[in-house]
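Architecture and fold: a report
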Amino acid sequence: DAKTTQPPSMDCAEGRAANLPCNHSTISGNEYVYWYRQIHSQGPQYIIHGLKNNETNEMASLIITEDRKSSTLILPHATLRDTAVYYCIVRGIQGAQKLVFGQGTRLTINP
Amino acid sequence: NAGVTQTPKFQVLKTGQSMTLQCAQDMNHNSMYWYRQDPGMGLRLIYYSASEGTTDKGEVPNGYNVSRLNKREFSLRLESAAPSQTSVYFCASRDRYGNTIYFGEGSWLTVV
């Protein structure tokens, strides 16, 4: 699985959009980009994933660059409950069973 | 729907003692995982099992053993606990073609 690089921490004001970047320059053609988050002391929670196209669900939007070497997770209207560690993971949909989490980005939403 | 269930939730061990963390999932998932998370750190993969009867090492397997007892259950054993194994342990599962990894609530282990 491709390695990812994320900033260790970010801050965002409540109500504003939070944009979390992830670099995955060694991503291969069949690897997806996944985002999870971990709210303090809880198990990680799935947010969204994508291959090439931008994706949106009820939680967030995922923007993947055309060369697929980086992506951005967008929380459109951040709330205090979005304070968490966000993990970007790159892996194939099949076969690649070994799921490795990096250090993630600690996002703090400020009132 | 219980999802992924881990037991015990909290445990204190003395150095050198052994114990087994139990994990069960009721979603008929093929793959199961054990991670550890030290304070202020990210998740690190200890062992995983792609299917019943198979197990493979992750990033930090030393000091641990695992058993995939059946499709539902995946246990993690510490044969001789060390203070360096003080951590929160998370079990997770995923179906073969699924996009979502489901995590348990975590097991807090302290080795003194």
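Described below are features of the structure shown in this document. Every chain is numbered independently, its residues counted from 1 as its sequence is written. All chains are assigned letters beginning with A, and all ligands numbers beginning with 1, in the order in which they are written. In keeping with the predicted nature of the model, local features appear solely for residues at pLDDT of at least 70, side-chain atom pairs appear and are counted solely at 80 or more, and the whole-chain, interface and lining totals rest on all residues. Processing note: side-chain calculations cover all non-hydrogen atoms of the structure and skip hydrogens and water entirely.

1. A look at the overall build of chain B
Each helix is a run of H or I in the DSSP string that is no shorter than four residues. Each strand is a run of E no shorter than two, and both are numbered from the N terminus. Along its length, chain B carries zero helices and 11 strands. Secondary structure elements of chain B occur, N-terminal to C-terminal, as β-β-β-β-β-β-β-β-β-β-β. Along the first, second and third principal axes, the C-alpha atoms of chain B reach 40 × 25 × 25 Å. Counting all 112 residues of chain B, 46% fall into the buried class. Taking the intrachain contacts of chain B between residues at least 6 apart in sequence as the baseline, contacts between residues at least 24 apart amount to 53%. Whether a residue is buried, partly exposed or exposed follows from its accessible area with a 1.4 Å probe, protein chains only, as a fraction of its type maximum: under 20%, in between, or over 50%, in that order. Contacts are residue-level and defined by heavy atoms, with any inter-residue pair within 4.5 Å sufficient.

2. A short note on the overall build of chain A
A tally of helices and strands in chain A yields zero helices and nine strands. Listing the helices and strands of chain A from first to last along the sequence gives β-β-β-β-β-β-β-β-β. Here the globule rule reads 2.2 Å times residues to the power 0.38, and the radius of gyration is calculated from C-alpha atoms. The globule rule puts the C-alpha radius of gyration for 111 residues at 13 Å, and the 13 Å found for chain A is close to it. Taking the principal axes of the C-alpha coordinates as reference, chain A spans close to 40 × 30 × 25 Å. The buried share among the 111 residues of chain A stands at 44%. Long-range contacts, defined here as pairs at least 24 residues apart, represent 57% of the contacts in chain A between residues at least 6 apart.

3. Re the nonpolar core
Among buried residues, those of type Ala, Val, Leu, Ile, Met, Phe, Trp, Tyr and Cys that are joined through side-chain atoms within 4.5 Å constitute a nonpolar core. Formed by 21 residues in total, the largest nonpolar core has its most connected members in Trp-35, Leu-73, Tyr-86 and Leu-107 of chain A. Those elements that place two or more of their residues in this core are β2 (18-23), β3 (31-38), β4 (45-50), β6 (61-64), β7 (70-75), β8 (84-92) and β9 (105-110) of chain A. Sort the elements by how many residues they give to this core and β8 of chain A lands first, with four residues. Once residues within four sequence positions are removed from consideration, Tyr-86 of chain A is found in contact with Gln-6, Leu-20, Trp-35, Tyr-36, Arg-37, Ile-47, Leu-73, Leu-75, Gly-104, Thr-105 and Leu-107 of chain A. Core analysis: the next-biggest nonpolar cluster, separate from the first, contains 19 residues, Val-4, Met-19, Leu-21 and Ile-46 of chain B among them.

4. With respect to the state of the cysteines
Residue and element names in this part refer to chain A. Cysteine sulfurs are considered disulfide-paired once they come within 2.5 Å of each other. A full pass over the atoms with the stated rule returns two disulfides over all chains. Note on cysteine connectivity: Cys-22 is disulfide-linked to Cys-88, with sulfurs 2.1 Å apart. Linking Cys-22 and Cys-88, the disulfide has an S-S dihedral of approximately -80° and is accordingly described as left-handed. One end of the pair, Cys-22, is in strand β2; the other, Cys-88, is in strand β8, and 66 residues separate them in sequence. Given a relative accessible area of 1%, Cys-22 falls into the buried group. Free of any disulfide, Cys-12 has its nearest neighbouring cysteine sulfur in Cys-22, separated by 18 Å. Overall, the relative accessible area of 10% leaves Cys-12 in the buried class.

5. Topic: the environment of Gly-15 of chain A
Residue and element names in this part refer to chain A. Positionally, Gly-15 belongs in the loop between β1 (9-13) and β2. Counting along the chain gives 60 residues from Gly-15 to Leu-75, while the straight-line C-alpha distance between them is 9.7 Å. When sequence neighbours within four positions are dropped, the list of residues in contact with Gly-15 reads Pro-76, His-77 and Ala-78.

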